[in-house]
Amino acid sequence: MSAVLPGSPVNLTPQLAPLPATESSPDIRIVKGACPHDCPDTCALRVTVQDGRVTKVQGQADHPSTHGALCTKVSRYPERTYHPDRVLHPLKRVSAKHDAPRFERITWEQALSEIGGRLRAIAARDPQAILPYSYAGTMGQLQGEAMAGRFFNQLGASCLDRTICASAGGAGLAATYGHKVGMHLPFFAESRLILIWGSNSIASNLHFWTFANQAKRQGARLICIDPRKTETADKCHQHVALLPGTDGALALGLIHELIAHDWLDLDYIARHVEGWDELRSRSQAWTPERTAEECGLTADEVRGLAREYATTAPAAIRLNYGMQRVRGGGNAVRLIALLPCLTGAWRHRAGGLLLSSSGWFAPFRNPRLERPDLRAGRPSRTINMSTIGDDLLHPGSPDFGPQIEALIVYNSNPVAVAPESPKVVAGFQRPDLLTVVLEHFMTDTADLADYVLPATTQLEHLDIHTSYGHTDVLINEPAVAPLGEARSNTQIFRDLACAMGFDDPAFREDDNTLLRQAFGPAVDVDQLRERGWFKLPLADAPFAEGGFPSATGKVNASGADYVPNYESRRSTPDLAARYPLAMISPPARNFLNSSFVNVTSLRDIEGEQLLEMNTEDAQARGLADGQTVRVFNDRGSYRCRLAVSVRARPGVVHGLGIWWRKLGLDGRNVNEVTHQQLTDMGRAPCFYDCLVEVSAA
Ligand SMILES: Nc1nc2c(c(=O)[nH]1)N[C@H]1C(S)=C(S)[C@@H](COP(=O)(O)OP(=O)(O)OC[C@H]3O[C@@H](n4cnc5c(=O)[nH]c(N)nc54)[C@H](O)[C@@H]3O)O[C@H]1N2
Ligand SMILES: Nc1nc2c(c(=O)[nH]1)N[C@H]1C(S)=C(S)[C@@H](COP(=O)(O)OP(=O)(O)OC[C@H]3O[C@@H](n4cnc5c(=O)[nH]c(N)nc54)[C@H](O)[C@@H]3O)O[C@H]1N2
Ligand SMILES: [Mo]
């Protein structure tokens, strides 16, 4: 076996060098920043600017969860910002959509007037033929939806259902607790047992790992529940390698054992859980044997896990979104989120569960920032971003509404990240579709644009950030002026509003004004700018006495049940006969979704687009480590390098993501084979619910 293990060893040594003697020199400035990326850690940045150029991006030492340390990716942020391939002026397409992309440089005036003209013509027929497409390229409250939301509300455009990442789990969590809330990050350090469930923390939640590791050093046991033997699993005491999409069954099996052994906190259940009787009878069928059979585990693994979870206190669960990208993702989160309510783990601040902390910010936010009132009661058809492939190919109908005629993309790279790329690409190639892309780089999506508008990076604009892994609000001050002719998203939407003739004062508000509007009075912006970050005032053990943010204040167990995958050996045996391998496509450690794939030093660490496969499966197909393989199913195929690896269990392969298509071996990536069916809750994609076959290329 020759394992290919991407990534370097965990290194959380603070990168703070002693301050240079020139700290006070007029040419060196230290600027307070926030990491903008779609990651639960939302680190506080310390940006060094010398002679008008950012020379270093480090972690802020006094921010508790950042702890002076950054991941490899973001410590390379200057390399990304000053990348020679940055798009630094507006571009207009001069080749046909099916041909190799060619663009010419145009002025901002020309770009805005031409885009404005075309959008006005479409809007005159039906503004709902125009669709925004955005996700979390930046998680900033301003450069995210603040001004963009105003623009599309005033336009009366279609709305976008932003489901591509977390909405199945989010819906599951909200259906159970009432909101996306959970344990507070620092208290994981005090836990005695941590289940790291559907999360490769060392790769995608590194600053959580610091706390888990602290608990480990103090004697806590760490158990990783993940089909893949990740770098996180390597560092845990135990790895439970269940089959993809079977987490709900495992949770029911654990509940069965809690009941069988009387390991329940009946007082907590009686006071704070609704629907318990129903859940109890539903779990009766889930004996350790049946659970093991469904999950691809042994009955002893199920029994042992239940025993440890129930008899160790405080016990914490770090659930992550990796486990909800399957048909039953919403219900699986519901069932897992019930576990700490049945054992009373919530009684302790180091017990309970964390999937997302984003709901904690809700009461502090200003719901009017995006000015929903500007829509003025006009209809708002909603398009699901996860089915953009089908939706772009839809001709329009009374049911669907008008055909999509224009797409304005910002903070996202749908051609690489959306499921079933053959359809996504075909949609973006429609010659009649107007596509405007706000970007830093010529991504796969920008390559299919009519106009590319140069956007600023986090070092060049102002923003304010919340987090989905901790409960601090962070400021990001611009460190340097915009490079070239780049403009911030907020400025581009102000300019587009002007080009459309929108004269509402909402479009004249600058970023400093937006900054003051983003939160209610509880967040003091002046103090925030002084300090860099602000911790929300919240109780340490939020649900020790119940008080969940649901309508009744209780946890809701009603209806939660296991939902098997769309595609698996057990649910679709005929399909599995042709495509026997379950494929998941979790993040490669040195990329952030499809961001950073073009940063050479990081791509060099990842090497090539890889497919991890177990020795047994490789031998059965006569495949060898390092060879080029073809991964395929009825939807499509792509080529990549095979890594015969102990990281994969038999029957499951891992297509590490998310490569830019054009940097893949045959100009395609893993989403060539994923499908557009949606999860049980939250209308999300099922990236990890996917059967394939692999052959020599
Ligand atoms: N380095 C890096 N960090 C990232 C990202 C990145 O791309 N790169 N992405 C960011 C984003 S967008 C998000 S949403 C977050 C969270 O992003 P996630 O997608 O949750 O990322 P991971 O933490 O890597 O979790 C995925 C883990 O879930 C496992 N998994 C897959 N299917 C199943 C299953 O059915 N059951 C279980 N139990 N496990 C399963 C995978 O093997 C993998 O180890 O991370 C963020 N952080
Ligand atoms: N097969 C498979 N597919 C997946 C996943 C998976 O695990 N497997 N993960 C899914 C998940 S969890 C997510 S969250 C999505 C992520 O999908 P996306 O949100 O599309 O994330 P990225 O691919 O990182 O693309 C973000 C883009 O925004 C740009 N950007 C960043 N900051 C700014 C800015 O300030 N202004 C402008 N205009 N642009 C900016 C970046 O340059 C980058 O190209 O992908 C999903 N797709
Ligand atoms: Mo995500």
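Going by the structure above, here's the rest.
Residues numbered from 1 in each chain as written. Chains lettered and ligands numbered in written order. Predicted model: local features only at pLDDT ≥ 70, side-chain atom pairs only at ≥ 80, totals over all residues. Heavy atoms only, no water.

**Student:** Talk me through the overall build of the chain; I want residue IDs and the actual numbers.
**Tutor:** On a plain count of helices and strands, the chain comes out with 23 helices and 27 strands. For the chain, whose C-alpha radius of gyration is 25 Å, the value lies close to the compact-globule estimate of 26 Å for 697 residues. Burial analysis of the chain (697 residues in total) assigns 62% to the buried set. Pairs at least 24 apart in sequence give 77% of the contacts found in the chain among residues at least 6 apart. Surface exposure of the chain reaches about 24000 Å², of which carbon and sulfur atoms provide 51%. Side chains of the chain carry 71 positive and 77 negative charges; the gap between the two charge centres is 1 Å. (Helix = DSSP H or I, 4+ residues; strand = E, 2+ residues; numbered from the N terminus. Rg over C-alpha atoms; globule rule 2.2 N^0.38 Å. Buried < 20%, exposed > 50% of the residue type's maximum accessible area, 1.4 Å probe, protein only. Contact = heavy atoms within 4.5 Å. Areas by Shrake-Rupley, 256 points an atom, 1.4 Å probe, with all protein chains shown as cover. Lys, Arg positive; Asp, Glu negative; His and termini not counted. Charge placed at Lys NZ, Arg CZ, Asp CG, Glu CD.)

**Student:** Pulling in residues and values, what's your account of the layout of surface pockets?
**Tutor:** A probe matching the size of a water molecule, rolled over the atoms, marks out where space remains unfilled. Roughly 1000 Å³ of volume is contained in the largest pocket. In terms of lining residues, the largest pocket is bounded by 30 residues, among which M139, Q141, E145, R162 and R365 are the most central. Ranked by the residues each element gives to the lining of the largest pocket, the list is headed by helix 4 (residues 142-155), at three residues. Considered as a void within the structure, the second largest pocket measures approximately 330 Å³ in volume. Forming the boundary of the second largest pocket are 23 residues, of which L243, S568, R569, R570 and A582 lie nearest the centre. A domain-level breakdown of the lining of the second largest pocket finds at least three residues from each of domain 3 (168-355) and domain 4 (573-696). (1 Å grid on protein atoms, 1.4 Å probe; cavity = no way out; pocket = protein on both sides within 12 Å on 5 of 7 lines; lining within 4 Å. Points joined across faces, edges and corners; volume = space filled by probe spheres on them. Domains from an automatic or database assignment.)

**Student:** Mind laying out empty space enclosed by the protein, listing which residues take part and the relevant values?
**Tutor:** Under the counting rule described, the total for this entry stands at three cavities of 30 Å³ or more. Of the pockets and cavities examined, the second largest cavity occupies roughly 130 Å³. Together, 16 residues line the second largest cavity, and C35, C39, D41, C71 and V74 are the ones closest to its centre. Those elements that provide at least two residues to the lining of the second largest cavity are helix 1 (72-75), helix 6 (201-204) and helix 7 (206-217). Split by domain, the residues of the lining of the second largest cavity number at least three in each of domain 1 (3-81) and domain 3 (168-355).

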